[in-house]
Amino acid sequence: MSAGAGDTFLIVTEGTVTEPIYFKLLRSDLQLKAVTVRIEPGCASDPRHVVRSAANEVAALAKRARKKQLANDEVSKYDHVWAVVDTDVAVRNGYWNELVQLAASKKVKLAHSTPCIEFWFLLHFGYTTRSDLVDGTTSKKAVEDALGQPYSTNEDTALKAIPLFLPKWPQAVRHAERVREYHQCARTAIPANPSTEIDRLVKALNDAAPKHKRQL
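Just so you know, the residues in each chain are numbered from 1, in the order the chain's sequence is written. This being a predicted model, a pLDDT of at least 70 is required before a residue's local features are given, and a value of 80 or more before pairs of side-chain atoms are given or counted; all residues contribute to the totals for chains, interfaces and linings. Side-chain numbers come from the whole structure's heavy atoms, not from hydrogens or water.

(A) Seen up close, the overall build of the chain. Along its length, the chain carries nine helices and five strands. Elements are defined by DSSP. Helices are runs of H or I of four residues or more, strands are runs of E of two residues or more, and each kind is numbered from the N terminus. Scanning the chain from its N terminus toward the C terminus, one meets helices and strands in the order β-α-β-α-β-α-α-β-α-α-α-α-β-α. Here the radius of gyration uses the C-alpha set of atoms, whereas the globule reference equals 2.2 Å times the residue count to the power 0.38. The C-alpha atoms of the chain give 17 Å as radius of gyration, which agrees with the globular expectation for 216 residues (17 Å, within 12%). Seen along its three principal axes, the alpha-carbon backbone of the chain occupies a region of about 50 × 40 × 35 Å. Considering only contacts within the chain whose residues lie at least 6 apart along the sequence, 74% involve residues at least 24 apart. The method behind every accessible area is Shrake-Rupley, applied with a 1.4 Å probe, and residues are considered shielded solely by the protein chains displayed. For the chain, the exposed area adds up to about 10600 Å²; of that, 49% sits on carbon and sulfur atoms. Two residue types count as positive, namely Lys and Arg, and two as negative, namely Asp and Glu; His and chain ends fall outside the count. Where a charge sits is defined by one atom per residue type, namely NZ (Lys), CZ (Arg), CG (Asp) or CD (Glu). Distance between charge centroids for the chain: 7 Å, based on 30 positive and 25 negative side chains. Any pair of residues with heavy atoms lying within 4.5 Å of one another is described as a contacting pair.

(B) Focus on the environment of Arg-48. Locating Arg-48 in the fold gives a position in helix α2 (residues 47–66). Between the alpha carbons of Arg-48 and Val-100 there is a distance of 9.1 Å; along the sequence they are 52 residues apart. Leave out the neighbours within four places in its chain, and Arg-48 touches Tyr-95, Glu-98, Leu-99 and Leu-102.

(C) Seen up close, the packing of aromatic side chains. Pairing of aromatic rings covers Phe, Tyr and Trp, the last through its six-membered ring, and needs centres within 6.5 Å; plane angles under 30 degrees mean stacked, over 60 mean edge-to-face, and all others mean tilted. Inspection of every chain in the model, using the stated rule, returns six aromatic pairs. Measuring from ring centre to ring centre gives 5.2 Å for Phe-121 and Phe-165, while their planes differ by 50 degrees; the resulting arrangement is tilted. With a gap of 44 residues between them, Phe-121 in helix α5 (residues 117–122) and Phe-165 in helix α7 (residues 155–165) connect regions that are remote in the sequence. Accessibility expressed as a relative area gives 0% for Phe-165, which makes it buried. Members of the aromatic cluster, connected to one another through ring pairs, are Tyr-22, Phe-23, Trp-120, Phe-121, Phe-125, Tyr-151 and Phe-165. The ring of Tyr-127 carries the charged tip of Arg-178 above its face, separated from the ring centre by 3.7 Å. Relative accessibility decides the category of a residue: with a 1.4 Å probe and only protein chains considered, values under 20% of the type maximum give buried, values over 50% give exposed, and everything between is partly exposed. The criterion is that NZ of a Lys, or CZ of an Arg, lies within 6 Å of the ring centre and within 35 degrees of the ring normal, and then a charge sits over that ring.

(D) Representation of the sheet that holds strand β3 (residues 80–86) within the structure. Any two strands with at least two DSSP-identified bridges between them are counted as paired. An order of β2-β1-β3-β4-β5 is seen for the five strands of this open sheet, with the pairing classed as mixed. Where the open sheet ends on each side, the last strands, each with one partner, are β2 (37–41) and β5 (195–196). In terms of strand pairing, strand β1 (residues 9–13) meets β3 through five bridges, oriented parallel. By the bridge assignment, Phe-9 is partnered in β3 with His-80. Along the sheet, helix α1 (residues 18–29) makes contact with β1, β2 and β3, crossing β2 at roughly 170 degrees. An axis is simply a line fitted to the C-alpha atoms; with a helix, the fit covers only the stretch in contact. Between two such axes, the angle follows the N-to-C directions and lies from 0 to 180 degrees.

(E) How the structure looks around α7. Buried residues of α7: Ala-158, Ala-161, Ile-162 and Phe-165, and no others. End-on view of α7: buried residues confined to an arc of 100 degrees, all on one side of the axis. What points out from α7, more than 90 degrees from its buried face, is the exposed set Asp-156 and Lys-160. Elements that come into contact with the buried residues of α7 comprise α1, α5, α6 (136–147) and α8 (169–186). For this analysis, a polar contact is any N or O atom pair within 3.5 Å, provided that within protein one partner can donate a hydrogen and the other can accept it, and provided that sequence-adjacent residues contribute only side-chain to side-chain pairs. Between the side-chain oxygen of the N-cap and the backbone nitrogen of Asp-156 there are 3.0 Å, and the N-cap of α7 in question is Asn-154. Here the arc refers to the directions that run from the helix axis out to each C-beta atom.

(F) Main features of the environment of Leu-122. Relative to the helices and strands, Leu-122 resides in helix α5. Residues Leu-122 and Ala-209, 87 residues apart in the sequence, show an inter-C-alpha distance of 24 Å. Once you skip the residues sitting within four places of it in the chain, Leu-122 turns out to touch Thr-128, Arg-130, Leu-133, Ala-142, Val-143 and Ala-146.

(G) Main features of the nonpolar core. Within this scheme, the nonpolar core is defined by two criteria: the residues are buried Ala, Val, Leu, Ile, Met, Phe, Trp, Tyr or Cys, and they are joined through side-chain atoms within 4.5 Å. In terms of nonpolar packing, the biggest core is built from 43 residues, with Phe-9, Tyr-22, Phe-23, Trp-120 and Leu-205 touching the most fellow members. With six residues, the top contributor of residues to this core is helix α9 (residues 198–208). With sequence-adjacent residues up to four places away left out, Leu-205 is seen in contact with Phe-9, Ile-11, Phe-23, Leu-26, Leu-30, Leu-32 and Val-37. Counting 19 residues, the second-largest nonpolar core is a separate cluster that includes Leu-10, Ala-54, Ala-90 and Trp-96.

Printed below as a string of structure tokens:
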């Protein structure tokens, strides 16, 4: 389902710092309202919990709507439900397929990154399919090197770093699409390392933004 102006979103993130900071800044950049684009941390490192948290939020909203208990500023439903997750743990522990099936059964879209969201961040600086991004540590170091200043999941550091590259998100979308094409041509097994599907979520948010704020 493609997004349209005014669509509502629920975005549940695996991380509690960098992902919420990034998407809240992007929401502001696109002049989207917090009431229509809700961003919630999943509060657990297991991506399966993130998917379940998203599904539970949808069910809770539907229950309040049926009982006419919605707050004045609360939407009645979400048009798009996304879980922003890393694949490294799921792949390493052998439950990637389970995660994909769970998301499909709960009608939650996966905005996954391999090995982690820092690869999506790295694409703000340029196109790459570098093969040495084997984990979060190497990916964070790559972002820090590209940025030329400290980057980490520490809240204070992230708040200083992320606004410096976030404006380049349209370029990151194009680079992510090229990475996907690269892996398709190479017939790389999913989830391909490195890769990201966050561009699909970002494009949907762009499409839901006021026309004068869209950049794609």
